Amino acid sequence: MSFFGMDCLRKKERELERKLRANDREYNLTFKYATNAIKTSKYNPFTFLPLNLFEQFQRIANAYFLFLLVLQVIPQISSLSWFTTVVPLVLVLTVTAAKDATDDINRHRSDNQVNNRKVQVLIDRKLQSKKWMDVQVGDIIRLENNQFVTADLLLLSSSEPLNLVYIETAELDGETNLKVRQALTVTGDLGEDSEKLADFNGPETKLMQNCGKTTFKRTSIDRLMNVLVLCIFGFLAFMCTILAIGNFFWEVNEGSQFMVFLPRQDGNNAAFSAFLTFWSYVIILNTVVPISLYVSVEIIRLGNSFYIDWDRKMYFARYNTPAEARTTTLNEELGQIKYVFSDKTGTLTQNIMTFNKCSINGKSYGDVYDYTGQRLEITEHTETVDFSFNPLADPRFMFHDHSLVEAVKLEDPEVHNFFRLLALCHTVMAEEKKEGELFYQAQSPDEGALVTAARNFGFVFRSRTPDSVSIVEMGEQRSYELLAILDFNNVRKRMSVIVRSPEGKLCLYCKGADTIIYERLHQSCSKLMDVTTEHLNEFAGEGLRTLALAYKNLDEEYFNQWKQRHHEASTELDNQESKLEELYEEIEKDLLLLGATAIEDKLQDGVPQTIEQLSKANIKIWVLTGDKQETAENIGYSCNLLREEMNDVFIVSGNSPEDVREELRNARTSMKPVEDSMFVPERTLGKGVKLIADELVNGEYGLVINGHSLAYALEGSMELEFLRTACMCKSVICCRVTPLQKAQVVELVKKYKQAVTLAIGDGANDVSMIKAAHIGVGISGQEGMQAVLSSDYSFAQFRFLQRLLLVHGRWSYLRMCKFLRYFFYKNFTFTFVHFWYGFFCGFSAQTVYDEWFITLYNLMYTALPVLGMSLFDQDVNDVWSFQYPQLYIPGQLNLYFSRKAFFKCALHSCYSSMVLFFIPYLAMHNTVRDDGKDVADYQSFALLTQTCLLFAVTIQLALEMSYWTAVNTFFVLGSLAMYFAVTFTMYSNGMFLMLPSAFPFIGTARNSLNQPNIWLTILLTSILCVLPVVTYRFLFIQLYPTINDKVMFKVRQAKATPAPPPLRTRIRRTSSRRSGYAFSHAQGYGNLVTSGRFLRRPALSGSSGFGNIGRTTTGFSPMGRSAGYSPTGRPQNAKVQDVEVTSLQMYRTIKDPAF
């Protein structure tokens, strides 16, 4: 399938029909159809510079610094050199542009890889090798086996019998089971190989139309920063206005006294002086928004992205796949996720079905017991059943209960009938390219697993024709006449076959949902039904998908009458389906129960534990899947998304808007009988969109809604009803949804909830959802890379999501918030001292610090310590983060950095700046040195003030730091040492002699810093600056401790007695709920089998005896409880040689009443 471009949703007139001529390019070009070249990149060599600069100057701060640069080239205003702004601005723009260019080059490479794939196109009656990007609408294409398809095609003919093709859609939806398509009858004889006609190309393909639009993603902190920067600009203008007014009055009252030796230029008066002073202070006070802030932010984000890339605990050794941060701008957003939208197939599950257990004639098989009768835990070291007696057995299949094989060998009639049913009642196709090497093509992985199980236990499905099924029963080749297939549909939830054995015996075999089968059993099966029900409850408690099996012997005369009526009903033009359903109901009654099967839709490792951890972190998980409702519910229970302990699980399946609305309201009334306002008072999200409040409910609830009901629920008149109800539930499952509906659900939550969303998926049908969410995560692995290419982060297993969020995300958010709070504090404090000094220098725009200190303050003296904190700090380590998932909640509530936290920081800076200005000012007023000389000069005061400032902000950083490393310590102490080394060097005689105008502070450092009163002043200002902070934190921790305070206290306690090792316990559920019908294949497949239009090549001739057929080997190395059925014939769960398999990190959850 094709990739996705930004123009895939471009507005155009809706196309109602498409005219084209096969293999006539000249005619088709007149309609100006889209080319087949795909484009996911944003830039080209000509548009990169203007577009990238346009995006960067959308940041208010970058535009602000450009404006400052313009001011600094005006000599009447600027008191600082122009290059002090140009150099950092160019540096920021260059670094950001380089990063964006690198990302876009990777997109170009991906596009080229797809565009340049080769395909054979019929041109001038000859097959020519062309690139896919050169394929045009109307071209006739020849495809070969295992070839990629990157356009919407119409199948003309196929080399397979009766023009069938098998399509794997793993890159589209993550599913490895094959889909069947058949060519048109009129074009079926065109050629030997698969030939197709290109209908829709590039951005006009069905997939591209559903792909969603590529958007530029910003974090909530970025958006808050834009608001705060605007506030800072307003406050800067306010401060500059006050100082300009002060300059006006000073010029009027005091300025005339200085005109003797400082005459004004012609035309300059007090008002004009105040105007110039305003802009001069804009330049001097610009450090309230230093450009180094954005450089530091990019470095921090890049560093935290590397941590994700380097994390060995997120590396999947089986596929040699590490985690990858595909963007560096969203890391802190990972610590604020409130809603996770997940695909099911390939994301939560492996899409591998395994036959685990069964119940036959009242006896349960599949468990392993020791000699005392105790059930044993099945591991990969548990002994497996030896199927060497069966040369046709699938070497990938694993089973551990030896008693079932013994029952087969003892020719137990019920056991034989059980597996005979599995070998006959299905729509699987068999392919035998070499003698004894069987490959099953199943539309449903469930069917493939059941037929494979029967194959290994001695009942081998070998081949089929439209009117017969050939199987090998315990070494004997037998052919059953296939008289009818009573097909599956969502209402019947069962399928049956009617066959005649070689002995002439008529029999109906049926399998389906246990509740459906039980209604049709003969009354003699009541005792067996009770025992089987107990087994089914046990199977369902383990999250297995169950089927009940039954059969019925038919009378020849009755069947002939029934068959005649069936033929008449199938040829009816009116009410055909209802008449057929009546006939099915008539014959499918008084069945005899054989038993039940239990299939495991294998979840990825650690999925239940991950969902449990995320749920404890107050993260709501919504599963958006294209699967049918029963399948999705089964997975929901098996992965702990839905639980028996929930108060209720609501099913919304209305077929009209009124029914859906009623079901949603009934669900909401059940959860919260007393209604209140659903909107937050006086809160809007802009453009009049009201913010919906989180509504508290007593208990836990789940919601399951199917596709057609969701279509009504997403309409404008009902979307708020749906959103309110869904958000009150702990988990939500949306079934049978289209890719576009997935994106619509995400957009709905983003629109009305002030919450950060994350979408995770593995297929191309998840791309629109991934693009719509604040953060998109792609599952990379064996199948498909479409989701990964459109994602912000990628890894190989769903379980790594908990580490991405609870560890990397939380740390990134915590570090970024600490960085911003501290960065604003140190720069506000630095800048406000200029403001206070303005009242003592005649509002002349004189700087209080040495110019070199101003230049190096953010670049050298305070840069490394704050970067060290922002890259290495952590409140608790990863183990404690997993033990207390509640640590994640403050990030969802924006408790670490918000408008409130910002204004607290500003007030703290205001207080510190007053201390840092007035204490040194008063300490030096009328002060003399030890030798009696005057010390109260401007240069000595500047040195004392900047030294006090540096000590104060460094101590404040030390108080912010929770985790000290050797690097942090070196940065903090090294920066202080660097300050003194640079200060003594720049204030030395040698530097003054070299450049007198650049280094005027000659001797100031050695003359001032050798005085005790100077150091006493530094000590006093440092204490006064940090004393309120220490007092506030002490009282707050004692009176109102946060969850972080509680956990950090436990960490300190645990250092004396280390915590016990993490427990690795297997979660086992007990449940009375049984899964629904396990099949996932589509209705009508049985008719295709029996119609003669669905036919595989016949099996190779040869002996059917077991002794003459060699056992196949595929190099499969099985793992886990039982081998999985893979419809593509690929080895599943194969280990990579010489690579250590990363064990799943399981952490115990400490229950503490304090939390």
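Just so it is clear, the structure is predicted and the values come from calculations on it, not from any experiment. Note that residues are indexed from 1 along each chain, following the sequence as it is written. It should be noted that, the model being predicted, local features are given only for residues of pLDDT at least 70 and side-chain atom pairs only at 80 or more, the latter also being counted only at that level, while totals for whole chains, interfaces and linings use all residues. In computing side-chain properties, one takes all heavy atoms of the structure into account and sets aside hydrogens as well as water.

Undergrad: An account of the pattern of salt bridges is requested, with residue identities and associated values reported.
TA: Salt bridges are counted wherever a side-chain nitrogen of Lys or Arg sits within 4 Å of a carboxyl oxygen of Asp or Glu. Tallied over the entire structure, the rule returns 44 salt bridges. Here Asp-343 ties to Lys-742 by a salt bridge, and the two come within 3.4 Å at their closest N and O atoms. Within this pair, whereas Asp-343 is found in the loop between strand S9 (337–342) and strand S10 (349–360), its partner Lys-742 is found in helix H22 (residues 739–752), the two being separated by 399 residues in sequence. Lys-742 sits in the buried class, given a relative accessible area of 1%. A salt bridge links Glu-572 to Lys-579; the shortest N-O distance between them is 3.5 Å. The buried label applies to any residue whose accessible area, calculated with a 1.4 Å probe on protein chains only, is under 20% of its type's maximum; exposed applies above 50%, and partly exposed to all values in between. The exposure class assigned to Glu-572 is partly exposed, which follows from its relative accessible area of 33%. Given a relative accessible area of 30%, Lys-579 falls into the partly exposed group. Working definition: helices are DSSP H or I runs of at least four residues, strands are E runs of at least two. Numbering for both runs from the N terminus.

Undergrad: Quick rundown of the pairing of strand S30 (residues 775–779)? Include the residues and the values.
TA: Extensive coverage of S30 is indicated by the burial of five of its five residues. Only strands joined by at least two bridges in the DSSP assignment are considered to pair. The pairing of strand S29 (residues 756–761) with S30 spans four bridges and is parallel. Its bridge partner lying in S30, Ile-760 is registered against Val-777. The definition of a right-handed crossover adopted here requires that, viewed with the strands pointing away, the path from the first strand over the helix to the second runs clockwise. Since S29 and S30 lie parallel, the crossover through helix H23 (residues 767–772) that links them has a hand, and here it is right-handed. The pairing of S30 with strand S31 (residues 793–795) spans three bridges and is classified as parallel. Pairing of Ile-779 across the sheet is with Phe-795, part of S31.

Undergrad: Give me the lowdown on the nonpolar core, citing residues and values where you can.
TA: With 101 residues, the main nonpolar core has Leu-293, Phe-819, Leu-820 and Phe-824 as its most contacted residues. With 17 residues, the single largest contributor to this core is helix H25 (residues 800–838). Residue-level mapping places this core at the junction of two domains, with at least three residues from each of domain 1 (20–206) and domain 4 (814–1055). For Leu-293, the residues in contact, after removing those within four places along its chain, are Met-225, Phe-819, Leu-820, Phe-823 and Phe-824. Here the nonpolar core consists of buried residues drawn from Ala, Val, Leu, Ile, Met, Phe, Trp, Tyr and Cys, with membership extended through side-chain atoms lying within 4.5 Å. By size, the runner-up hydrophobic cluster in this structure holds 54 residues, among which are Met-353, Leu-438, Val-469 and Tyr-480. Throughout, the edges of the domains are those of an automatic or database domain assignment. By definition, residues are in contact when any of their heavy atoms lie within 4.5 Å.

Undergrad: Would you mind going over the confidence of the model for the protein chain in detail, with residue names and values included?
TA: Atomic detail in the predicted coordinates should be set aside for any region of low pLDDT. pLDDT is a per-residue confidence score from the predictor, ranging from 0 to 100. In this model, the protein chain carries an average pLDDT of 81, and 82% of its residues clear a pLDDT of 70 or more. This stretch, residues 1065–1070, has a pLDDT under 50; its non-local contacts, to residues over four places away or in other chains, come to 19 contacts. In the model, residues 1094–1155 has pLDDT below 50 throughout and makes 192 contacts with residues more than four positions away in sequence or in other chains.

Undergrad: Quick rundown of unusual backbone geometry? Include the residues and the values.
TA: One non-glycine residue with positive phi stands out, namely Asn-361, at about 55°. Structurally, the position occupied by Asn-361 is in the loop between S10 and strand S11 (363–365). Asn-361 sits in the partly exposed class, given a relative accessible area of 45%. In the Ramachandran plot, Ala-845 falls in the positive-phi region, its phi being about 65° despite a non-glycine side chain. One can find Ala-845 in the loop between H25 and helix H26 (851–861).

Undergrad: I'd like a description of the sheet that holds strand S23 (residues 620–624), backed by residues and values.
TA: The nine strands are arranged S8-S31-S30-S29-S9-S23-S28-S27-S24 in an open sheet whose pairing can be described as mixed. Each having just a single partner strand, strand S8 (324–325) and strand S24 (648–652) make up the two edges of the open sheet. Direction of pairing for strand S27 (residues 701–705) relative to strand S28 (residues 731–734): parallel, over a ladder of four bridges. What sits directly across from Ile-705, in S28, is Cys-734. With respect to the sheet, helix H21 (residues 719–728) is in contact with S9, S23, S27 and S28, its orientation differing from that of S23 by roughly 120°. Under this scheme, a helix contributes an axis fitted over its contacting stretch, all axes are lines through C-alpha atoms, and angles between N-to-C directions fall in the 0 to 180 degree range.

Undergrad: Talk me through the UniProt feature "binding site: Mg(2+)" (unreviewed entry) in the protein chain; I want residue IDs and the actual numbers.
TA: UniProt positions are given in the numbering used here, feature names are shortened, and annotations may be inferred rather than shown by experiment. Residues annotated by UniProt as "binding site: Mg(2+)" (unreviewed entry) correspond here to Asp-343, Thr-345, Asp-762 and Asp-766. For the annotated residues, spread through 424 residues, the largest C-alpha to C-alpha distance comes to 10.7 Å, consistent with a single compact locus. Within the secondary structure, Thr-345 is located in the loop between S9 and S10. Residue classification places Thr-345 among the buried positions, given a relative accessible area of 4%. With respect to the secondary-structure elements, Asp-762 resides in the loop between S29 and H23. Under the relative-accessibility criterion, Asp-762 is labelled buried at 5%. Two N or O atoms count as a polar contact when they lie within 3.5 Å, although within protein this holds only if one can serve as hydrogen donor and the other as acceptor, and sequence-adjacent residues are included solely when both atoms are side-chain atoms. A polar contact of 3.4 Å, which involves the side chain of Asp-762, links it to the side chain of Thr-347.

Undergrad: For the sheet that holds strand S17 (residues 468–473), give the residues involved together with the corresponding values.
TA: Here we have nine strands laid out as an open sheet, ordered S11-S10-S22-S21-S20-S19-S18-S17-S16, and antiparallel in their pairing. Bordering the open sheet on either side are S11 and strand S16 (459–465), each of which pairs with just one other strand. Sheet twist, expressed as the average angle between the axes of neighbouring strands with direction ignored, equals 30°. The strands touched by helix H11 (residues 413–424) are S10, S11, S16, S17, strand S18 (476–486), strand S19 (494–500), strand S20 (506–512), strand S21 (545–553) and strand S22 (592–603); relative to S22, the strand with the most contacts, the crossing angle is about 60°.

Undergrad: Summarise H11; cite the residues concerned and give the values.
TA: Three or four residues apart is the spacing at which side chains of an α-helix point the same way, because the helix has 3.6 residues per turn. Helix span is expected to be 1.5 Å times the residue number reduced by one. Over its twelve residues, H11 extends 16 Å from the first C-alpha to the last, a length consistent with the 16 Å expected when each residue adds 1.5 Å. For H11, a buried count of ten out of twelve residues is recorded, marking the element as mostly surrounded by other parts of the structure. Three or more residues of H11 are buried, namely Val-415, His-416, Asn-417, Phe-418, Phe-419, Arg-420, Leu-421, Leu-422, Ala-423 and Leu-424. With a side-chain oxygen positioned 3.0 Å from the backbone nitrogen of Glu-414, the residue opening H11 is Asp-412.

Undergrad: So what's going on with the pairing of S23? Which residues, and what values?
TA: Counting buried positions along S23 gives five out of five residues, so the element sits mostly inside the fold. Of the two faces of S23, the one lined by Lys-620, Trp-622 and Leu-624 and the one lined by Ile-621 and Val-623 are each fully buried. Pairing of S9 with S23, which is carried by four bridges, proceeds in the parallel orientation. By the bridge assignment for S23, Ser-342 is matched with Val-623. Here S23 pairs with S28 via four bridges, running parallel.

Undergrad: So what's going on with the environment of Val-428? Residues and values would help.
TA: Inspection of the secondary structure assignment puts Val-428 in the loop between H11 and strand S14 (429–434). Between the C-alpha atoms of Val-428 and Pro-445, which are 17 residues apart in sequence, the distance is 9.9 Å. The contacts of Val-428, once residues within four sequence positions are left out, are Tyr-440, Gln-441, Ala-442, Glu-447, Gly-448, Val-451, Phe-461 and Arg-464.

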